[in-house]
Each structure stands twice: as C-alpha cells, then as structure tokens.
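Summary of the model geometry
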2 protein chains.
Amino acid sequence: MTHQDADSRFPRGERLDESGRFTREELQLAFRNRGMPLEALRYPLTPTGMHYLLTHFDVPYVDAATWTLTVGGLVSKTLTLDIDAIRARPATTLAVTMECAGNGRALLTPRPASQPWLLEAVGTAEWTGTPLRGVLEDAGIDDGAVEVLFTGLDRGVQGDEVQSYQRSLSIDEATRPEVLLAYEMNGAPLEPQHGYPLRLLVPGWYGMTSVKWLERIELVAEPFTGFQMMDSYRYRQTSDEAGVPVDLIRVRALMAPPGIPDFYTRTRLVEAGPITLTGRAWAGRARIARVEVSTDGGAGWADATLEPALSPHAWRGWSFEWTSIPGHHTLSVRATDEGGNVQPIEQSWTISGVGNNMAQRVDVIVE
Amino acid sequence: MTHQDADSRFPRGERLDESGRFTREELQLAFRNRGMPLEALRYPLTPTGMHYLLTHFDVPYVDAATWTLTVGGLVSKTLTLDIDAIRARPATTLAVTMECAGNGRALLTPRPASQPWLLEAVGTAEWTGTPLRGVLEDAGIDDGAVEVLFTGLDRGVQGDEVQSYQRSLSIDEATRPEVLLAYEMNGAPLEPQHGYPLRLLVPGWYGMTSVKWLERIELVAEPFTGFQMMDSYRYRQTSDEAGVPVDLIRVRALMAPPGIPDFYTRTRLVEAGPITLTGRAWAGRARIARVEVSTDGGAGWADATLEPALSPHAWRGWSFEWTSIPGHHTLSVRATDEGGNVQPIEQSWTISGVGNNMAQRVDVIVE
C-alpha cells in the first residue's frame, strides 16, 4: 500500500543513496525535530527543552481559553470538555520514557527518506494528566465500538494526502490505567511544541501514538486506516506488504559519550585511566534485565551495573568501570529486556526506517 | 591564520561540495543545536524549549550548590560569588532577540563545514539577571585592563585545540547597562542547555558573545586572541586574512511560512484568496525602519506594516496582506534598519559562514 502518486506535488524519495550524504529535506527536518543531546542521559528526568520532539506538520496555535476536547462517536453521551474541566478531574503524575519509532533511521543502509534521527530521539519527563479511562467511562462506550481514534490540531500533507494528525488505539490499550490526557510536563503547563494545552500520553508505545494538541476523541466501529496507521508506522520490507503495526518501544540502551567532544566531528577525547561509563536503558512495557558494554568494537561484552528504574514506564540507569589505554577505541552498549529480547548489533531494516534499535557505537581517542 | 594542522586528529573540511548534500557531521550538529521552527515567529517571546540553541561542546553538568563565579585579573579585589550572592544583587529583566552568527550558513555556496543553520537560529526570551557593570564596579577595574574575558565550563576540541569556551569584550561594551549576568529565562531558572546556573547576556551581539555556564570573569591587559575570537567569528574571505571581528547582529526579517506544510519537503500549501503574511524583524543595536515583502520571487517589493518593538533589544512584528492566486509562488521578505542597512538578496559569503543575512525565500503552492 502506498499513499503517494508518481506525479506527486511533494516528491518523496523512497530510499536515499549510500554516499553518506544527507538531503536538504532531511536537514530541514533535523532542525525542526529536536534531538536530546546524549550528555543529557545524565539527568533521570530530561529538562523540558532537551527532550526530543517530533512534529509532523507545524506546531499549531491554540488558545486554551476557547479550546475544547470533544469525546464522541459510539458513546452514550458526547462530552465537550474545556481545560478547566480536565484539570478538575483526578490527576496522575508519571515518569515516562518516550522515544520516536524512527530513532536510528539515519544509521540504516539504504536510508529511507524521512526524519533522519541518529540516536537522539528519546527523553524522559514527568507527565501530569487525568487517566483517559475515566473520561471514556463518563462518556460510556457503546457495544459496537472497537477502537478509539485521536485527532490532533496539527494539519499538513503527507504521502500527498492533506490530513490532520490521527492515530487510533484498541479499546483495551486506550483504557489501560497509565494512559493519560496530559496537560503538564515536568511540573509546568505543556509548552506549545509538546501539545499545549492537552496531549495523549501512552507509556510504553513509541511516540507517534501520544497524539499532541488533542482536539477530538472518537469511538469508532472499524479499525482506523488513515495514513499514520497504514504507511510510515509499519514494519515491512516492501510497500506491497501490509506489514505489522509499530507499537511498543523496542529494547535499547544508550551511553553518554565520555570525555570531551571535537566540535565538528564529535569524536571524543578521553584521558587514559579509570573512567565510569554511564547511560540509560529502556524497553516498551518490559523491564530491563541486562546491559552489556563492549570497549573493543563489539568483540567482547561485559555486564554493566544496573540502577533501579525511575518508574515502571521509564528508563533505568547503568554504569560500567573502564580503564582506558591510549589509542582509538569503539565503545558499544546493548540491553536485554525481561522478555529475552536482545538489542541487535546489526541494523533492523524496514522500508520506513522504524524500530532500528541496533546497538550504539561511540568512537573515542584515548590520550 | 588557521588553528588546524594538516594531520589533525579531527579533520575539518574547509568547504563542502556543491551537490546540495550534507555530511553526517553536519547532521549530528543539526540535531544537537536546536533551531526555532519558523511557525514560532508567532510568539513575541519564544517558548524556552523552542528557542534556538548552539552548544559548541557538551552541555556541562553544574551543581549550583557548589558552583561559584570568580571575578579576577586586573581588579582591586577578586570576587567569588555564589548563585545566592548574584541573585541578591539588583535584578533587571529584558526581552532580547538572540541569533547565531552562523544563521544562514547552509544557504551559502560553497558551504563552510560547520553548524549548518538554514534560517532557524534565532529566538527571543525575557532574561533576568544582574547588570555586569555593577559587579565590575564592586571588583574595581585596574587602569591597565583593556578587556573583560569570559570563560565557560564547557570544554572540548576545536581547530585541534583543547579549550574551554572563551570570549572577550572591550570594557566599554562589557559595562553597557543592558549587559547582564542572567540566571532566569522566561521567568524560570535557566535550563541546563541555556547556561545554568549563570550566563552572560549581551543584547545586540550575535550569540557567541553570550557565554554560557560562566565560571570566570577576568580583566586582562591585552586583547584576548583565543580560538573563538580569531577563527570562526571573523568576517574574511580567506584564512590568510586577519579579517574583521563579528559583533552586532545584522539586519534580518523572517516570515512564518503560511498555510500548511508537506511533511518531507516542507513545501507550503496555501488556499487561494486573501491571507495575512506575518513575521518579525530585528537588527543588533539599531531599530528596524522598514520591512518589504515580495510575492513574485524578488521582482517586486511592497512595504509591510510594522508593529512596535517588544523592547529596545528585541524583534519587531510585521504583517502584509496578500491575495494569493493559484499556482507556484516564491515569497520573500527583507528588512532595513535605521542605519540604512538593507538585507541583501544575494548571499554574503565568508570563509566561516558568519553573518549571511540574505533574504529568506518561501516556496508555496496556492490551490
């Protein structure tokens, strides 16, 4: 299935060349869609302005004074809630690690043409909101409903279709207790780029599910088949396949690059001697069981020490003692979750570049 | 003058090819150094997490409980100030537009190898701090001092030199009343990436002067000739020239792209009919005298309507009524300051890609 005609007004290459060079379109996306600099792995909670951010279209302007959320479709009673009504409901605060499904896309060969994340599309924040479940209970879900459809106020063109950003969830997933309608991030009202005044927050899932700038929630009788469900966010090798929907975050560990960086190449300079390597690991709804570090480019691996997880929905710190000796080294880290899923060393390739959780490599010069 | 040997450990290309493709090093920098998405021109004050950000090295970790600022060198009395001592001093809040000297670099042909900004390296915030002047008066400037040297806690390699980030100012510039030691941005303590716990803020100058994570202020007897003064931040055509130091921000206007975007190409789709184009304009220490808009790719220009400036140090809003007709159009905008400086239509090329204030172009499809 493809949503793009050959005579598109907005041409989109399917795969980019292997020259190691990036297009201007990719660069534009890299500037709009902010990455978390990896030294921010030092913070258990990512400062708001360092959290990763993916905006498909533009950040919309929303006047909270006139904004309302509609909960409708196959319900007993359509609700229209303003932000005060939502804030007056029971509130929950959760530390949640969120990651973009496209994290690691730019490491793929060949490279799908889209947001070219290297490894920085992740962050953890404390989100405050009201459980979606209670709102759906108040509306009353009709028997014929099979999914909950979420519509944001962000509009644009993708795959040649003019669209509002829309994603759906099964009723089982949407009514899990940790799924929130969130209006605060790290103790402050959402900044505009994070979905002000209200966003969906679905812990454990890749970020595309946590629809920002929520405008409408609708109970529907058929599974939703819009662009954001059927195109980018599927695991598939060719555009002829239906593929498998992208859902929970795959296991990953990252390392805060040690030492100091060179400005342009970002190669790291490390002083010879003992050094503690640190980072964090996470995995959708599963717990992290193990983190291993290699200091020789992946030939040998040794266990890192794990810290407790920040919350059931957030990353877990790790550390590893290394005695570095002069020379060039490639450090690597990989995690295993309690389901036995091990982060791969090789790329995990799909047509749209989602779910590539291959292990990070960090080049260092020890002197 | 060049700070790089042929056998550098950290190779840096001087000029990149003209294929329109970008290197992996440029992409890495684009993800670390956050741009303001241009729809954020709608906000008089840029939300903190949407403000542009350029970090030469890594964001350092600073414990404010043990951090101190030293004011020394050629002074009557060396001061050691903790954050409470600085917060106890007279406070000023100023709305200031800040821009990176490299804004527009990636639009140059050929393109210098560095942070590849397109047009998004700008933002306006309300900064709160204490005037530097008062602190220098308390320390007492010796007669032999000619400059004030500022050292940040961020360290790394640039031009093959291991360095802390350092910039200097003349005593006249450093003692202007609007120069602040700033500890708040938009009413909240600085986030780590904006210089927590204390940064220099020099309104009117390009951002490289507003040293973050301040550690030391030193009165010196000779003009400072470190890397960040003599290399990137100079206007010059070849590396043999001494060149002219980069200082005040050059005049520029930007437009919030109208309509809705295509996800990958960012081409804009606009409905035919009347539309108000809006944006903002600014110029170092001068006022904006005029903003002109072209809707035909720069052939004809017409005056935009100007709003009052937000503060003497901040940008000025503008608007322009356009009746769009179906077809492909290239919109452009240019500003003129009260000193008579007009934004050029052609690129302003320098070896390090600084000060390229050529007019923005926005491609739109009207339907």
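Residues numbered from 1 in each chain as written. Chains lettered and ligands numbered in written order. Predicted model: local features only at pLDDT ≥ 70, side-chain atom pairs only at ≥ 80, totals over all residues. Heavy atoms only, no water.

**Quick look at the domain arrangement of chain A**
The parts lose accessible area when they come together, and the size of an interface is often stated as this lost area. All names here are of chain A. The condition that has to hold: Domain start and stop points were drawn from an automatic or database domain assignment. Should any heavy atoms of two residues lie within 4.5 Å, those residues are counted as being in contact. Put simply, buried area is how much 1.4 Å-probe accessible surface two parts lose in total, over both of them, once they are put together. When a carboxyl oxygen of Asp or Glu lies within 4 Å of a side-chain nitrogen of Lys or Arg, that pair is called a salt bridge. Any pair of N or O atoms that falls within 3.5 Å is considered a polar contact. Within protein, one atom must be able to donate a hydrogen and the other to accept it, and sequence-neighbouring residues count only if both atoms are side-chain atoms. Numbering goes from the N terminus for both helices and strands, where a helix is a DSSP run of H or I of at least four residues and a strand is a run of E of at least two.
Once the domains are mapped, chain A shows domain 1 (15–245) and domain 2 (252–366). Centre-to-centre separation of domain 1 and domain 2, based on C-alpha positions: 27 Å. Domain 1 puts 44 residues into the contact, and the matching count from domain 2 is 26 residues. Summed over both sides, the interface between domain 1 and domain 2 buries roughly 3000 Å², with carbon and sulfur atoms accounting for 58% of that surface. Broken down residue by residue, the surface that domain 1 buries against domain 2 is led by Leu41, Leu108 and Leu119, which jointly contribute 19%. Taken together, the connections running from domain 1 to domain 2 amount to 2 salt bridges. A salt bridge links Glu173 to Arg285, with the shortest nitrogen-to-oxygen separation between them at 2.7 Å. Across the contact surface, domain 1 and domain 2 share 19 residue pairs in polar contact (both at pLDDT 80 or more). Only strand 4 (92–99), strand 6 (122–131) and strand 13 (234–235) provide two or more residues apiece to the side of domain 1 that touches domain 2. For the side of domain 1 that touches domain 2, the element with the highest residue contribution is strand 4, accounting for 5 residues.

**Remarks on the side chain of Ser114(B)**
Inspection of the secondary structure assignment puts Ser114(B) in the loop between strand 5 (111–112) and strand 6 (122–131). Here the side chain of Ser114(B) touches Arg105(B) through a polar contact of 3.5 Å, side chain to side chain. With near-sequence residues (within four places) excluded, Ser114(B) lies in contact with Phe263(A), Tyr264(A), Glu26(B), Leu29(B) and Arg105(B).

**Notes on the environment of Leu310(A)**
Residues and elements named next belong to chain A. For Leu310, the location among the structural elements is in the loop between strand 21 (305–309) and strand 22 (316–324). Between the alpha carbons of Leu310 and Ile249 there is a distance of 17 Å; along the sequence they are 61 residues apart. Other than its neighbours up to four places away in sequence, Leu310 contacts Pro44, Leu45, Ala95, Thr124 and Trp315.

**Remarks on the sheet that holds strand 2 (residues 69–73) of chain B**
Residue and element names in this part refer to chain B. What counts is decided by this rule: At least two bridges found by DSSP between two strands are what make those strands a pair. Each axis is a line fitted through C-alpha atoms, and for a helix only the stretch in contact is used; angles between axes span 0 to 180 degrees, taken between their N-to-C directions.
In spatial order, the strands read 3-2-12-7-8; together these 5 strands make up an open sheet with mixed pairing. Two strands close off the open sheet at either side, each with one partner strand: strand 3 (79–81) and strand 8 (161–170). Across the sheet, the mean angle from the axis of one strand to that of its neighbour is 25°, orientation sign disregarded. Where strand 7 (residues 147–158) lies against strand 12 (residues 214–220), 6 bridges are found, and the strand directions are antiparallel. Paired with Gly152 across the strands is Leu214, a residue of strand 12. Where helix 3 (residues 132–139) meets the sheet, its contacts fall on strand 2, strand 3, strand 7 and strand 12, and the angle it forms with strand 3 comes to roughly 135°.

**Some details on the relation of the copies chain A and chain B**
Short version of the rule: Residues reaching a pLDDT of at least 70 in both copies supply the C-alpha atoms on which the copies are superposed by least squares.
Note on the copies: chain A fits chain B at an RMSD of 0.0 Å, the axial shift is 0.0 Å, and the rotation between them is 180°. Put plainly, the chains are arranged around a two-fold axis. Ranked by how close their C-alpha atoms come to the rotation axis, the residues of chain A are headed by Gly49(A), at 2.0 Å. When the interface residues of chain A are mapped onto chain B, 100% of them are again interface residues, pointing to one common binding face.

**A word on the packing of helix 1 (residues 24–32) of chain A against helix 1 (residues 24–32) of chain B**
To be explicit about the condition: Should an angle fall under 35 degrees it is called roughly parallel, over 145 degrees roughly antiparallel, and 65 to 115 degrees roughly perpendicular, with every other angle called oblique. Each crossing is labelled by how the near helix is turned from the far one, with a counterclockwise turn of less than a right angle marking it left-handed and a clockwise turn marking it right-handed.
For the pair helix 1 of chain A and helix 1 of chain B, interaxial distance at closest approach is 7 Å and the crossing angle is 25°. The orientation of helix 1 of chain A relative to helix 1 of chain B falls into the category roughly parallel. Helix-helix and strand crossings are classified by hand; for helix 1 of chain A and helix 1 of chain B the assignment is right-handed. In this structure, helix 1 of chain A uses Leu27(A), Ala30(A) and Phe31(A) to contact helix 1 of chain B, whose residues at the interface are Leu27(B), Ala30(B) and Phe31(B).

**Brief notes about the interface of chain A and chain B**
Going by this rule: Any residue outside Ala, Val, Leu, Ile, Met, Phe, Trp, Tyr, Cys, Pro, Asp, Glu, Lys and Arg is labelled polar, Gly included; the first ten of those are nonpolar and the last four are charged.
On the side of chain B, 71 residues touch chain A, which itself brings 71 residues to the contact. Between chain A and chain B, a total of about 6600 Å² is buried, with carbon and sulfur atoms accounting for 60% of that surface. Of all residues in chain A, the largest losses of buried area upon contact with chain B belong to Phe31(A), Phe263(A) and Tyr264(A), amounting jointly to 15% of the total for that side. Close ionic contact of Arg32(B) with Glu39(A) constitutes a salt bridge, the shortest N to O distance being 2.8 Å. Between the two partners, chain A and chain B, sit 31 residue pairs in polar contact (both at pLDDT 80 or more). Counting only elements with at least two residues in the side of chain A that touches chain B, the list comes to helix 1, strand 7 (147–158), strand 16 (260–261) and strand 17 (268–270) of chain A. Among the elements that make up the side of chain A that touches chain B, the one with the highest residue count is helix 1 of chain A (9 residues). Split by residue class, the side of chain A that touches chain B holds 35 nonpolar, 17 polar and 19 charged.

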